[in-house]
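These are the residues of each chain, in order.
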Amino acid sequence: MLTSALSRAGIALTAAAALTLTACGGVETSTRGGSGADYPSGTVEMYVGASPGGSSDLISRAVSKGLSDELGASFPVINREGANGALAAAEVVKAEPDGSVIAIQNASLFAITPLAVSPDEVTKIDDFDIVYGVSRDDYVLVTNPASGYKTLQDLQNSTRTVRYGTTGVGTGAQLAAALLFKTTNVESQAVPFDGGAPALAAVLGNQIDVASLQVGEAIENIQSGKLIPLSVFGPERIEYLPDVPTAKEQGLDVEVTQYRVMTVPKGTPQEIQDRIAEGMKATFATEDYKAFNKQNSLTPMELPGDEVAEQLKKDQTRYADLVKQYGINLRDEG
């Protein structure tokens, strides 16, 4: 999910990037068997289920840098991209529950991806403890001015098949777009891409009619007039696109968001979780991190783990009910 805005953020986080470990690398981790009072006593591996440069990666690096500064230890980011984050999640599940391995994970992996994969491929949130919420990354439906669509109503009145791009199977972008077209009965064709960057390129090139993207991926091209925003899919309008109405405002039962949470292996001592949460809250309070959020169009979702877990369970049920209600097959619909 590459954008120029995210790229600038990546440059700003060069120091943290130096801590990256590739899939082939590793570090000796010595944070084991300690109490919350002396945590962390050594390096803490921080997995991210995305490639370097994407929003998930950059958010992880921003938090990693903050935790390093606040807790006085190294929190190297380890990229283990693939399967919408499931590969990174698998690394955390099998780790010792001692705080030596942590990960910021996407809510969609637990609430949406299970609706698109077989039961044996499902990653369960019950295999983790949620430490703290991080931020929300809203979706926006955009079109190229050359498409002729200027509003969501124009799209609903379309007399031709609408080709829509998403950022992959089992993602919030896919679910939001699928719900939109099912609830409006607009004839459509899904065009899945492997991430936000190629989907963005396709809509900019007018190769597809619309694309469901994260706001941070699309906002610069919206501001420059190269893309027209038709709707956001969050529960309310967002500060970065205040004039763009939500789908619900426009009469459609479509609310899909992406948010990220800090997780640890199930059974990690509460005092260690509390130390991580303390470091995160201190990070969130810094001006550098607040600027990072604004630069990348992220809405803070800095909530205690139990509150985030409750929201996640509600979303799991709501998405499953909507998919059933509208007969959506995410596996086959891009």
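Residues numbered from 1 in each chain as written. Predicted model: local features only at pLDDT ≥ 70, side-chain atom pairs only at ≥ 80, totals over all residues. Heavy atoms only, no water.

Peer 1: I would appreciate a short explanation of the overall build of the chain in the present structure.
Peer 2: Helix and strand counts for the chain come out as twelve helices and ten strands. When the 334 residues of the chain are sorted by exposure, 56% land in the buried category. For the chain, the share of sequence-separated contacts (at least 6 apart) that also reach a separation of at least 24 residues comes to 78%. Counting only carbon and sulfur atoms, one obtains 49% of the accessible surface of the chain, whose full area is about 13400 Å². (Helix = DSSP H or I, 4+ residues; strand = E, 2+ residues; numbered from the N terminus. Buried < 20%, exposed > 50% of the residue type's maximum accessible area, 1.4 Å probe, protein only. Contact = heavy atoms within 4.5 Å. Areas by Shrake-Rupley, 256 points an atom, 1.4 Å probe, with all protein chains shown as cover.)

Peer 1: Explain the packing of aromatic side chains here, please?
Peer 2: Describing an aromatic ring pair means giving the distance of the ring centres and the angle of the ring planes. Evaluated as defined, the whole model comprises five aromatic pairs. With a centroid separation of 4.8 Å and 20° between ring planes, the pair formed by Tyr-164 and Phe-181 is classed as stacked. Here the residue Tyr-164 occupies a position in strand β5 (residues 162–166), and Phe-181 occupies one in helix α7 (residues 172–184), the gap between them amounting to 17 residues. Like Tyr-164, the residue Phe-181 is buried in the burial classification. Ring plane angle 45° and centroid distance 5.1 Å describe the contact between Phe-284 and Tyr-289, whose orientation is recorded as tilted. A relative accessible area of 5% places Phe-284 in the buried class. Here the aromatic residues Tyr-132, Phe-284, Tyr-289 and Phe-292 are joined through ring pairs into a cluster of three or more. (Phe/Tyr/Trp six-rings, centres within 6.5 Å; stacked < 30°, edge-to-face > 60°.)

Peer 1: Any chance you could explain the confidence of the model for the chain here in plain terms?
Peer 2: Do not read the fine detail of predicted coordinates wherever pLDDT is low. Scored by pLDDT, the chain comes out at a mean of 89, with 88% of its residues at no less than 70. No element of the chain has a lower mean pLDDT than helix α2 (residues 14–17), at 42, and none a higher one than helix α10 (residues 270–284), at 98. Segment residues 1–30 is flagged for pLDDT under 50; beyond a separation of four residues in sequence, or across chains, it makes 65 contacts in the model. (pLDDT = per-residue confidence, 0-100.)

Peer 1: So what exactly am I meant to see when it comes to helix α3 (residues 55–71) here?
Peer 2: Side chains of residues three or four places apart in an α-helix project in the same direction, reflecting 3.6 residues per turn. Over its 17 residues, α3 runs 24 Å from end to end, which matches the ideal 24 Å to within 8%, given 1.5 Å per residue. Of all 17 residues in α3, 14 are buried, a share of seventy percent or more. After α3 finishes, the residue Gly-72 shows a positive phi value of roughly 70°. (Expected span 1.5 Å × (residues − 1).)

Peer 1: Could you clarify how one ought to interpret the pairing of β5 in this entry?
Peer 2: Here is the key point about a regular strand: its side chains alternate between the two faces of the sheet. In terms of burial, β5 is largely enclosed, as four of its five residues are buried. In terms of strand pairing, β5 meets strand β6 (residues 188–192) through five bridges, oriented parallel. Each bridged residue has a counterpart across the sheet, and for Gly-165 the counterpart in β6 is Val-191. In this view, the connection linking β5 to its parallel neighbour β6 by way of α7 has right-handed handedness. Inspection of the sheet shows β5 paired to strand β7 (residues 210–214) by two bridges, in the parallel sense. Considered in β7, the bridge of Gly-165 is made with Ala-211. (Pairing = 2+ DSSP bridges. Right-handed = clockwise from strand over helix to strand, strands pointing away.)

Peer 1: What am I meant to see in the pattern of salt bridges here?
Peer 2: A side chain of one charge can pair with a side chain of the opposite charge when the charged atoms of the two come close. One pass over the structure, following the stated rule, counts 19 salt bridges. For Asp-126, the salt bridge is made with Lys-313, and the minimal N-O distance between the two is 3.5 Å. With Asp-126 in the loop between α5 (107–111) and β4 (128–143) and Lys-313 in helix α12 (residues 305–325), this pair connects stretches of sequence that are 187 residues apart. Of the charged contacts, one joins Glu-310 and Lys-314 as a salt bridge, the two residues approaching to 3.7 Å between their closest N and O atoms. Note that Glu-310 and Lys-314 are positioned in helix α12 at a spacing of four residues, about one turn of the helix. Linked through salt bridges whose partners overlap, the residues forming this network are Lys-248, Asp-253, Glu-255, Asp-315 and Arg-318. (Salt bridge = Lys/Arg side-chain N within 4 Å of Asp/Glu carboxyl O.)

Peer 1: Even after reading the chapter, I still don't get unusual backbone geometry, so can you show me in this structure?
Peer 2: For residues that are not glycine, phi is negative in most cases, and the peptide bond is trans in most cases. Residue Pro-40 is reached from Tyr-39 by a cis peptide bond, and omega for that bond is -5°. Mapped onto the elements of the fold, Pro-40 is located in the loop between α2 and β1 (45–48). Positioned with a positive phi, Ala-83 is a non-glycine residue whose angle comes to about 55°. Even without being glycine, Asn-185 reaches a positive phi, approximately 60°.

Peer 1: Help me out: how do you make sense of the packing of α3 against α10 in this one?
Peer 2: When two helices pack together, you describe them by how their axes are tilted relative to each other and by the distance separating the axes. Their axes nearest at 8 Å, the elements α3 and α10 cross at an angle of 110°. Between α3 and α10, the angle is such that the two are roughly perpendicular. Along its contact with α3, which presents Ala-62, Val-63, Gly-66, Leu-67, Glu-70 and Leu-71, the element α10 presents Arg-275, Ile-276, Gly-279, Met-280, Ala-282, Thr-283 and Phe-284. Looking at side-chain class alone, the contact of α3 with α10 contains eight nonpolar, three polar and two charged residues. (Axes fitted to C-alpha atoms, helices over the stretch in contact; angles between N-to-C directions. Parallel < 35°, antiparallel > 145°, perpendicular 65-115°, else oblique. Nonpolar A, V, L, I, M, F, W, Y, C, P; charged D, E, K, R; others polar.)

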